[in-house]
Amino acid sequence: MRTLTLHGGARVAVVAAEWNGAFGVVTRGRVQLELRDGEPGPVLGRDAGFWLRGTGVRALRNPGRRTARVRIVTPRAKTVTCQSTHPVRRLPNDGGTT
């Protein structure tokens, strides 16, 4: 998870390869989505969440003067599975609920 800080009037380009599967949540201020054709998109306020995949968003902008923050969550590139070499020990059944 990373935090993106946008000072007043700042703009950050969204590169599809870097933002694949990203979900953003505005934690402070307001953020405007800039659409693929350059047109301004919706302005999102605090606690608004948005997906970037498949939306055609090409940039995030801060339309205000105050600093805005967005938490970006992306899936892990690779999941590692570890198997234990220790045997599994069963607990005795004491007749209770499971």
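Residues numbered from 1 in each chain as written. Predicted model: local features only at pLDDT ≥ 70, side-chain atom pairs only at ≥ 80, totals over all residues. Heavy atoms only, no water.

(A) Examining the pairing of strand 7 (residues 57–61) more closely. Pairing geometry for strand 2 (residues 11–13) and strand 7, over 3 bridges, is antiparallel. If you follow Val12 over to strand 7, its bridge partner there is Leu60. In the sheet, strand 4 (residues 31–35) pairs with strand 7 via 4 bridges, with the strands oriented antiparallel. Pairing of Leu35 across the sheet is with Val57, part of strand 7. (Pairing = 2+ DSSP bridges. Helix = DSSP H or I, 4+ residues; strand = E, 2+ residues; numbered from the N terminus.)

(B) Expanded view of the pattern of salt bridges. The full count for this structure, using the stated rule, is 3 salt bridges. Residues Arg11 and Glu34 are paired through a salt bridge, measuring 2.9 Å at the closest nitrogen-oxygen approach. Of this pair, Arg11 sits in strand 2 while Glu34 sits in strand 4; the two residues are 23 residues apart in sequence, bridging distant segments of the chain. Overall, Arg11 belongs to the partly exposed group, its relative accessible area being 41%. The partner of Arg58 in a salt bridge is Glu34, with the nearest N and O atoms 2.7 Å apart. You can see Arg58 sitting in strand 7 and its partner Glu34 sitting in strand 4, a full 24 residues away along the chain. Salt bridges sharing partners connect three or more residues here, namely Arg11, Glu34, Arg58 and Arg61. (Salt bridge = Lys/Arg side-chain N within 4 Å of Asp/Glu carboxyl O. Buried < 20%, exposed > 50% of the residue type's maximum accessible area, 1.4 Å probe, protein only.)

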